[in-house]
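Here's the letter readout for the chains.
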Amino acid sequence: MTALTEKGTSKFVHIQDGELDLNIHYNDCGQGQETVVMLHGSGPGASGWANFNRNIEPLVEAGFRVILMDCPGWSKSDSIVSTGSRSDLNARVLKGLVDKLDLDKVHLLGNSMGGHTAVAFTLTWPERVGKLVLMGGGTGGVSPFVSMPSEGIKLLNGLYREPTIENLKKMMNIFVYDTSDLTEELFQARLDNMLARKDHLENFTASLAANLKQFPDFGHRLGEIQAQTLVVWGRNDRFVPMDTGLRLVAGIPNSQLHIFNKCGHWAQWEHADTFNRMVLDFLTH
Ligand SMILES: O=C(O)/C=C/C(=O)/C=C/C=C(\O)C(=O)O
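Everything quoted here is computed from the prediction, not taken from an experiment. (Residues numbered from 1 in each chain as written. Predicted model: local features only at pLDDT ≥ 70, side-chain atom pairs only at ≥ 80, totals over all residues. Heavy atoms only, no water.)

J.: Hey, could you run me through the packing of aromatic side chains in this one?
T.: Geometrically, a pair of aromatic rings is defined through the distance of the ring centres and the angle of the planes. Overall, the coordinates contain six aromatic pairs when judged by the stated rule. Here the aromatic rings of Trp74 and Phe204 are separated by 6.0 Å at their centres, their planes lie at 75°, and the arrangement is edge-to-face. Of this pair, Trp74 sits in the loop between strand E4 (65-69) and helix H3 (86-100) while Phe204 sits in helix H8 (residues 198-210), placing them 130 residues apart in sequence. The buried category is assigned to Trp74, whose relative accessible area is 2%. What makes Phe204 buried here is its relative accessible area of 5%. Considering the side-chain rings of Phe175 and Trp266, the 5.0 Å spacing of their centres and the 55° angle between planes classify their relative orientation as tilted. (Phe/Tyr/Trp six-rings, centres within 6.5 Å; stacked < 30°, edge-to-face > 60°. Helix = DSSP H or I, 4+ residues; strand = E, 2+ residues; numbered from the N terminus. Buried < 20%, exposed > 50% of the residue type's maximum accessible area, 1.4 Å probe, protein only.)

J.: In this structure, what is going on with the UniProt feature "site: Transition state stabilizer" (unreviewed entry) in the chain? I would like to understand it.
T.: Sequence positions flagged by UniProt for "site: Transition state stabilizer" (unreviewed entry) are, in local numbering, Ser112. A relative accessible area of 9% places Ser112 in the buried class. Each residue touching Ser112, except ones within four places of it in the same chain, is listed here: Gly41, Met135, Gly136, Gly137, Gly138, Val240 and His265. (UniProt positions renumbered as here; feature names shortened; annotations may be inferred. Contact = heavy atoms within 4.5 Å.)

Written out as structure tokens, the structure reads:
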């Protein structure tokens, strides 16, 4: 298989739905019968490619088409100020994308905000969802154990307000459990991504000022989800506490939870090999 590249798989789609009128960037990888849509987290400079670069090829090689959608306000997608539920806003954009691509049913794999988005989409369009993989996200709401906003989210919001390399390092150093993989090159690439779109940074801060609760608590509706669901968490997650994973698995009837020890907020990256094997097993059985 020729190596997949961000540039070689980069595409745009125009989504128009009510007041939404947005150019949305996505990467389209592989050609399988079944499609997995990967949804990234809400950190500054995040993108589908940045979040999932260790997970795309194994799924494509196993015969899946993989779509990475960049949510409005991230990467090369148009910017937006979100004054309501960002989880539902992203879900509407995702609906526009799967309609445009003529995809009847997709599996959703979401990281953090991507997990919130996947749940919002499933609650509104359940017939369009195959299986769900939720990592470090799936619903907002408070933790009974951890003071919120968590230390990670405080650093993330601070980085949006003051996008410096120092603040980026502070955030990334508690993002993962083992920081030895965080190279200067990785920090620089992420900083470049952030600074390339100052409008995204300003709009995220404006969104928080308009509505601090961008990700609503879906706890009371989780029982409606019929999709087979794999919940994955890092025991050392300092952004979205692990008990959110317990709430998800308690609420979603057909769900299971895997907790990685020695793992922060990026299970798909920190434990990529095991994560990929587990996801493939889950999607194919
Ligand atoms: O506040 C929440 O519930 C969600 C937070 C995030 O989505 C944070 C995600 C950070 C990343 O995954 C990233 O790559 O920046």
